[in-house]
Amino acid sequence: MLGSSHRVTIKDVAARSGVSTQTVSRVINNRPDVAPDTRERVEQVIASLGYAPSAVARTLVARRSNSIGVLLAGMGYTGTALTLLGIVDEAASLGLTVLIAELPEGDSLDDPRPAISALVEHHVDGIIMSVPAIGQAVDRIKAVLTDHHDPVVFVKAGVSDRHSSVLVDNLAAIEDVVDHLVSIGRSRIAHISGPAKWQEAEYRREGWELGLQRHHLEADPDLCEEGDWSPESGAAAMSSLLDRVPDLDAVIAGNDRMALGAMHILRGRGLRIPEDVAITGFDDVDEAAWFAPPLTSVSQPLSEMGRQAVQRLWSEFDGGATAPVAIPLRAELMIRASTVGSVGGE
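Residues numbered from 1 in each chain as written. Predicted model: local features only at pLDDT ≥ 70, side-chain atom pairs only at ≥ 80, totals over all residues. Heavy atoms only, no water.

The next thing to look at is the overall build of the protein chain. Counting its regular elements, the protein chain contains 12 helices and 12 strands. Taking as baseline every contact in the protein chain between residues at least 6 positions apart, the subset at least 24 positions apart corresponds to 73%. Counting only carbon and sulfur atoms, one obtains 52% of the accessible surface of the protein chain, whose full area is about 16,300 Å². (Helix = DSSP H or I, 4+ residues; strand = E, 2+ residues; numbered from the N terminus. Contact = heavy atoms within 4.5 Å. Areas by Shrake-Rupley, 256 points an atom, 1.4 Å probe, with all protein chains shown as cover.)

The geometry of helix H5 (residues 78-93) relative to helix H12 (residues 302-316) is characterised by a closest axis approach of 7 Å and an angle of 40° between their N-to-C directions. In terms of orientation, H5 lies oblique with respect to H12. The two elements H5 and H12 meet at a crossing, and its hand is right-handed. Contact residues: H5 offers Gly79, Leu82, Thr83, Leu85, Gly86, Ile87, Glu90 and Ala91, while H12 offers Leu302, Ser303, Gly306, Arg307, Val310 and Gln311. The residue inventory of the contact of H5 with H12, partitioned by class, reads six nonpolar, six polar and two charged. (Axes fitted to C-alpha atoms, helices over the stretch in contact; angles between N-to-C directions. Parallel < 35°, antiparallel > 145°, perpendicular 65-115°, else oblique. Left-handed = near helix turned anticlockwise from the far one by under 90°. Nonpolar A, V, L, I, M, F, W, Y, C, P; charged D, E, K, R; others polar.)

This part takes up the pattern of salt bridges. Taken as a whole and judged by the stated rule, the model has 12 salt bridges. The partner of Arg205 in a salt bridge is Glu209, and the shortest N-O contact between them spans 3.4 Å. Note that Arg205 and Glu209 are positioned in helix H9 (residues 199-214) at a spacing of four residues, about one turn of the helix. Classification of Glu209 by relative accessible area gives partly exposed; the value is 25%. Put simply, Arg336 and Asp284 hold a salt bridge, and the shortest N to O gap is 2.9 Å. Linking Arg336 in the segment after strand E12 (332-334) with Asp284 in the loop between strand E9 (278-280) and strand E10 (297-299), this pair joins segments that are 52 residues apart in sequence. The exposure classification of Arg336 matches that of Asp284, with both residues buried. It is possible to trace a salt-bridge network through shared partners that takes in Glu175, Asp179 and Arg214. (Salt bridge = Lys/Arg side-chain N within 4 Å of Asp/Glu carboxyl O. Buried < 20%, exposed > 50% of the residue type's maximum accessible area, 1.4 Å probe, protein only.)

This brings us to the pairing of strand E6 (residues 189-193). Among the five residues in E6, five count as buried, and that is most of the element. Of the two faces of E6, the one lined by Ile189, His191 and Ser193 and the one lined by Ala190 and Ile192 are each fully buried. Pairing of E6 with strand E8 (residues 250-253), which is carried by four bridges, proceeds in the parallel orientation. The partner of Ala190 across the bridge, within E8, is Val251. Judged from the three bridges that link them, E6 and strand E7 (residues 224-226) form a sheet pairing that is parallel. What sits directly across from Ser193, in E7, is Glu226. Between E6 and its parallel partner E7, the chain crosses via H9, and the hand of that crossover is right-handed. (Pairing = 2+ DSSP bridges. Right-handed = clockwise from strand over helix to strand, strands pointing away.)

Put simply, helix H8 (residues 170-183) and H9 touch, their axes get as near as 7 Å, and they point 40° apart. The orientation of H8 with respect to H9, classified from their angle, is oblique. Note on packing geometry: the crossing formed by H8 with H9 is right-handed. Side by side, H8 and H9 meet where Asn170, Leu171, Ile174, Glu175, Val178 and Asp179 of the first sit next to Glu200, Tyr203, Arg204, Glu206, Gly207, Trp208, Leu210, Gly211, Leu212 and Arg214 of the second. Each residue belonging to the contact of H8 with H9 can be placed in one class, and the counts come to seven nonpolar, three polar and six charged.

It is worth spelling out the nonpolar core at this point. Judged by nonpolar contacts, the single largest core of 65 residues is most densely connected at Ile68, Met238, Leu248 and Ile279. Among the elements that take part in this core, helix H11 (residues 256-268) stands out by supplying six residues, more than any other. With residues near it in sequence (within four places) discarded, Ile279 still touches Val251, Ala259, Ala262, Met263, Leu266, Ile273, Leu295, Thr296, Ser338 and Thr339. Grouped together as the second largest cluster of nonpolar side chains are 16 residues, Leu119, Met129, Val131 and Val152 included. (Core = buried A, V, L, I, M, F, W, Y, C linked by side-chain atoms within 4.5 Å.)

All quantities given are derived from atomic positions and should not be read as evidence of function.
Quick look at the structure:
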C-alpha cells in the first residue's frame, strides 16, 4: 500500500498493473493498440490508486496542446456570437481550451496570415474558421489554410475539397418560407435581401426565386430590394418596395433586424400585419417572439453548428477521420402571428 503522502506516478500504476509505462500512457490517451483485458486492468489500478495525470504530462505524451483556434469575424452579429457559444461549450466538455483570433469584417481583409500565424504559434491542435462568406475574403483565408496541416473545419463558409464544413441550407430554408406564404394565400411575395457580397444573402435570394418558380409565380425584380442587415435598411427597402409594388401581400426579409424596420414602415403606411401584408424574418433572434406582432422567422441551429464543428475537429485529431465531409444542418421555420391570417383578413 502506498503511503498517504506519496504522490502517485505513472510508474506506480505500471508497477501495480504489471505493464510498462508506455502501455499506461496508451491507456490514458485511449489508444486502440491495447488489449481489452490489459486496458481494464490498468484502468482499475488507476481508479484504486487515484492516479490523475497532469495536463502537462498528457500534452507531452499526446504531443497535443489540448487547445483549438477559432478564426472569426462579425462578433456584433447574433449568428457569430451564438456559433462561438456552441464552440466554447463543446470544447469545454472535451477539455479543450479555445483561442480566438478576430478578423476584420467584410471584404476588406487583405492578408489573413498574421491572425492564422498567431494561432499556429500557440500550437493549437486544429482551427475552426467561422467567418461569413463575403466577397473574396473567405477565398483568401482558405488559400492560406490550404497550407496548414492541422485539422481545419469551416463553419458557414461554403464547402471545401480540402477541409470539412458545417453549414445551414439557406436556400431550402427560404423555399420553406415561400411554401408557407403560398399556403396562406399570398402571391405577391417580395424579398428584402442582405448585401449582395454575402454568400448567405445570395443563397436566400436564390431560395426566394426558386420557391416562387416552384409555385408558378414570377420572381419579378421589382419585388426584390437589397438591404445591409440593419433595421434602417429594412425600412428603406420596404418603402421602395411599396412605392414600386403597392399591391404586394407578403415580404420575406433576409434577417429579423431588417424585418423589424420593414414592419415599422408597414404600420406607418396604415397596412395591417398580417391581414394586408404578411412578413417573415431569418435568424429567429430572442426578440422575434416579442415583435408586434410576433415575427415568423427561420431558426438556425447556430450553437449546434459550433458544437458540430468542434466534434468534427476532435474526430480528425491524431490522424483520425481524414476525408473531408460537409455537414448540412436544417433550419426550422417558426410560425408566429406576423403570417397568421389570410388575404384581406378573411
